[in-house]
Amino acid sequence: MDRQDIIGRFAEAAQDPLGYAKAWKARTGRQVIGSFPMNFPGELAHAAGALPMILQESDEAITVGHGVLFPFYCGYTRSMVDQAARGRFEVLDAIMFGDHCVQLLGMADAIRMKLPGTRVIFFQLISSMNDPWTQGRSEESFAKLRQELEEFLGRPVEDAVIRESTRLFNSNRRLLRRLYEMRKEGTAPLTSVEMQHIVKSSMIMDKAEHTALAEKLVAGFENGTAAPSRGLRLHLSGHFCQAPKPELLAMIEECGVTVVGDDLFHGFRYISTDVPEEGDPIAALARWYMDRNTGVPCPTRVQNNVDWDAFLLKAMREERADGMIVLMAKFCEPHMYYYPEVKEAFEKADMPHLLIETEHEGMALESLKTRVETFVEIVKRREAALA
Amino acid sequence: MKRYVMGIDFGSTTAKTVILDLKGKRVAHAVAHMGAVSGDGVKASIKMALDQAGLTQADMGRTVSTGYGRRMLDMADKNYTEITCHARGAVAMVPGARLVIDIGGQDSKVIAVDDNGLVAQFAMNDRCAAGTGKFLEVLARAVEVDLDKLGELALGAREKLKISSMCATFAETEVISLLAEGHPKTDVMGAVHAAIAARTLGLVGRVGKKGPVVMTGGVARNPAAVHYIEQALDMPLILPELPQIAGALGAALIGLDDYRAEYKHQITEAEDMAREEQMAEDKACIPGCRGVPELAVDPREKQPAPRAGGLKSLLSTLQNNL
């Protein structure tokens with residue numbers, strides 16, 4: 001299987017997550033558990049023998065879902081409710097809901113209403129990250145989640161099995177982080193769309209299957225020669241719950257941009273942090289949850305000693321990025337609230353950045369292209385003027 | 001080395017061409033109206049400019065395109081966005097300008113320019129064409145007034161009406177409704193221009209209000225748009241003599257920069273002679289004395305004659321014998 005075949009397999013799952021889940025279920029006869037982004041520990045559902053998959057925004061237009069959720073909810077929540085209302089989630093045996101955003105809570109209620117027959121497991125995440133009680137309360141949450149899963153599946157989820165799943169998930173994350181390293185060095189010249197397919201499919205596919213393919217992909221790039229980046233080196237930031245539309249990512253790169261790093265959820269954010277493999281597995285998951293916010297800070301979490309903007313500037317120095325494009329999903333409140341801080345920090349650091357607001361309903365790509373091209377021209381001319 | 005550069009602004013409703021000489025002096029410009037994405041219109045504007053200057057495309061050292069159809073021109077060596085080009089052209093027309101408002105056929109943009117004349121920030125309409133030339137075109141049709149006379153008509157507005165919708169189609173509905181209520185066309189058109197001004201002010205707010213402010217693009221020729229934007233901004237707008245060609249001029253100037261950078265080590269024969277003459281003067285031990293062995297300068301001659309046995313004479317002999 002060559003590199004393009006592997007990426008093609010990832011792309012298939014990324015483009016049709018529910019189709020993949022149906023085929024997996026038919027093949028294995030096991031349960032599929034959907035979950036919300038962004039901090040659900042798939043390791044637990046995996047250890048319970050189910051397929052954990054992060055539910056994805058669909059690229060279909062929102063239709064009957066309009067009758068359930070107001071249009072000022074973000075595209076992800078509206079798309080999820082629409083998919084539920086149109087019967088697209090039939091393959092799911094249960095859905096895990098987290099509470100990291102008030103819109104997700106609204107969406108959870110709407111989906112509960114539309115899918116009365118589907119088991120809903122609610123999972124509370126502590127949002128205040130550096131209080132003395134955060135670790136303990138997070139452990140309680142994860143323990144409760146494990147208990148609910150055991151009740152639902154009718155079998156215990158043993159510590160040893162959770163550790164095994166943890167090791168598998170960690171090795172998958174490590175492989176994908178290696179790809180990020182190689183992309184930064186230039187030895188794995190993956191496009192942003194390819195990178196999205198790779199990471200997004202790891203949220204959906206059977207972890208062992210995905211890891212086996214990722215191993216082959218990484219091995220194919222090891223010992224490669226670093227190709228010099230031809231375009232302007234940019235970092236992509238933002239977009240939490242939903243993946244940016246592939247056509248948007250492709251358009252950005254068509255404007256003479258080489259994406260050298262990102263903190264997108266369907267990117268580095270998802271794979272940034274490993275779960276400790278030793279000790280109590282539930283305490284390890286709680287530690288992982290807390291470490292994720294120091295690994296790649298998230299505006300939905302509260303942590304006084306962590307700054308997203310400082311993280312971004314540091315990451316960009318390491319990536320030798322010339323600027324950043326911020327992708328903000330329309331009505332994403334956590335991002336909207338935090339963005340002014342990022343803007344201020346970037347202006348102070350004299351680091352160019354461009355904000356693009358994205359919409360589920362699609363965007364005028366030609367007009368956006370003009371904005372991205374202008375941004376590229378500004379950065380290049382500024383650099384030429386300074387040289 | 002060639003002696004001219006060309007800038008082409010392939011806009012959505014008009015095509016503009018500017019030809020500059022290597023000193024940056026405008027030798028020709030042309031504006032051609034065209035149909036949607038029409039290659040004929042752009043060809044017409046190029047031909048008009050070339051004919052005006054008595055030149056051919058082969059005389060151009062660099063051709064840079066901008067505007068909506070910038071990627072569609074094969075003869076362009078490079079293309080830049082209209083934001084970069086309008087900023088460059090507007091600052092060349094009005095040195096010291098810090099804000100450029102450009103309202104074209106299908107988009108409107110506000111560009112903040114830094115101390116070096118480079119784009120610092122920009123904002124543009126990214127959802128719909130409300131507040132652009134197309135918006136005015138649609139509404140002119142709705143009130144059955146010639147587009148060129150729309151501005152004059154709107155300047156006569158007495159009563160302040162409000163057009164609340166920012167969608168061209170919904171605004172048309174509002175206009176029809178106001179006319180049906182018996183409001184005169186002048187007042188209704190005044191309200192339309194006030195709506196454009198409010199939208200422009202919103203874009204200005206995104207990049208920061210500063211002056212001097214230059215207005216470019218086709219809508220700058222509409223006196224009511226200028227009046228209402230000045231009122232909304234509470235600042236005067238500087239209108240270049242030819243606001244429509246700012247983008248093409250900017251494209252030509254960027255082409256000129258590129259061309260000069262590429263040929264910075266090459267000079268014309270006249271420049272070469274001037275340098276040698278300067279060197280001769282610099283070497284003179286007595287002021288006014290031109291006693292330099294390599295050049296025998298007769299002040300009555302326009303071009304100094306190579307001295308027999310001098311380097312230039314030897315080179316000339318060599319070239320003739322090759």
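Please read these numbers as outputs of a predicted model, since none were measured by experiment.

Some words on a nonpolar patch on the surface
A surface patch of nonpolar side chains, about 230 Å² in accessible area, is lined by A:Val102, A:Leu105 and A:Phe122. Considering the arrangement of structural elements, one finds A:Val102 in helix α5 (residues 102-114).

Digging into the domain arrangement of chain B
All names here are of chain B. In terms of domain boundaries, chain B breaks down into domain 1 (4-91 + 250-262) and domain 2 (96-239). Summarising the inter-unit geometry, the C-alpha centres of domain 1 and domain 2 are found 26 Å apart. Opposite the ten residues of domain 1 that make contact, domain 2 presents 18 residues. Roughly 1100 Å² of surface becomes buried between domain 1 and domain 2 when both sides are summed, with 72% attributable to carbon and sulfur atoms. Per-residue buried area on domain 1 facing domain 2 is highest for Ile 83, His 86 and Val 91; these three make up 47% of the total on that side. Counting across the domain 1 and domain 2 interface gives zero salt bridges. Across the domain 1-domain 2 interface, the total number found is two residue pairs in polar contact (both at pLDDT 80 or more). Per-class residue counts for the side of domain 1 that touches domain 2 are five nonpolar, four polar and one charged.

Examining the packing of helix α3 (residues 133-142) of chain B against helix α6 (residues 185-207) of chain B
Residue and element names in this part refer to chain B. Packing of α3 against α6 leaves a shortest axis separation of 11 Å and a crossing angle of 165°. The pairing of α3 with α6 is recorded here as roughly antiparallel in orientation. When the axes of α3 and α6 are compared, the crossing they make is right-handed. Residues Phe 135, Leu 136 and Leu 139 of α3 pack against Met 189, Val 192, His 193 and Ile 196 of α6.

So, the interface of chain B and chain A
Each side of the interface is counted separately: chain B has 18 residues, and chain A has 17 residues. Regarding the contact of chain B and chain A, the summed buried area is about 1600 Å², with carbon and sulfur atoms giving 49% of it. Summed over the three residues of chain B that lose the most area to chain A, namely B:Arg71, B:Phe122 and B:Arg127, the buried surface amounts to 31% of that side. Linking B:Arg70 and A:Glu373 is a salt bridge whose minimum nitrogen-to-oxygen distance equals 2.6 Å. Where chain B meets chain A, there are six residue pairs in polar contact (both at pLDDT 80 or more). Elements supplying a minimum of two residues to the side of chain B that touches chain A: α2 (82-93), β8 (119-124) and α8 (246-262) of chain B. Broken down by element, the residue count for the side of chain B that touches chain A peaks at four residues, all from α2(B).

Procedures and definitions
- Residues numbered from 1 in each chain as written.
- Chains lettered and ligands numbered in written order.
- Predicted model: local features only at pLDDT ≥ 70, side-chain atom pairs only at ≥ 80, totals over all residues.
- Heavy atoms only, no water.
- Patch = residues over 30% accessible without salt bridge, like charges linked within 9 Å, V, L, I, M, F, W, Y side chains within 5 Å.
- Areas by Shrake-Rupley, 256 points an atom, 1.4 Å probe, with all protein chains shown as cover.
- Salt bridge = Lys/Arg side-chain N within 4 Å of Asp/Glu carboxyl O.
- Helix = DSSP H or I, 4+ residues; strand = E, 2+ residues; numbered from the N terminus.
- Domains from an automatic or database assignment.
- Contact = heavy atoms within 4.5 Å.
- Buried area = accessible area lost by both parts, 1.4 Å probe.
- Polar contact = N/O pair within 3.5 Å; in protein donor to acceptor, adjacent residues only side chain to side chain.
- Nonpolar A, V, L, I, M, F, W, Y, C, P; charged D, E, K, R; others polar.
- Axes fitted to C-alpha atoms, helices over the stretch in contact; angles between N-to-C directions.
- Parallel < 35°, antiparallel > 145°, perpendicular 65-115°, else oblique.
- Left-handed = near helix turned anticlockwise from the far one by under 90°.

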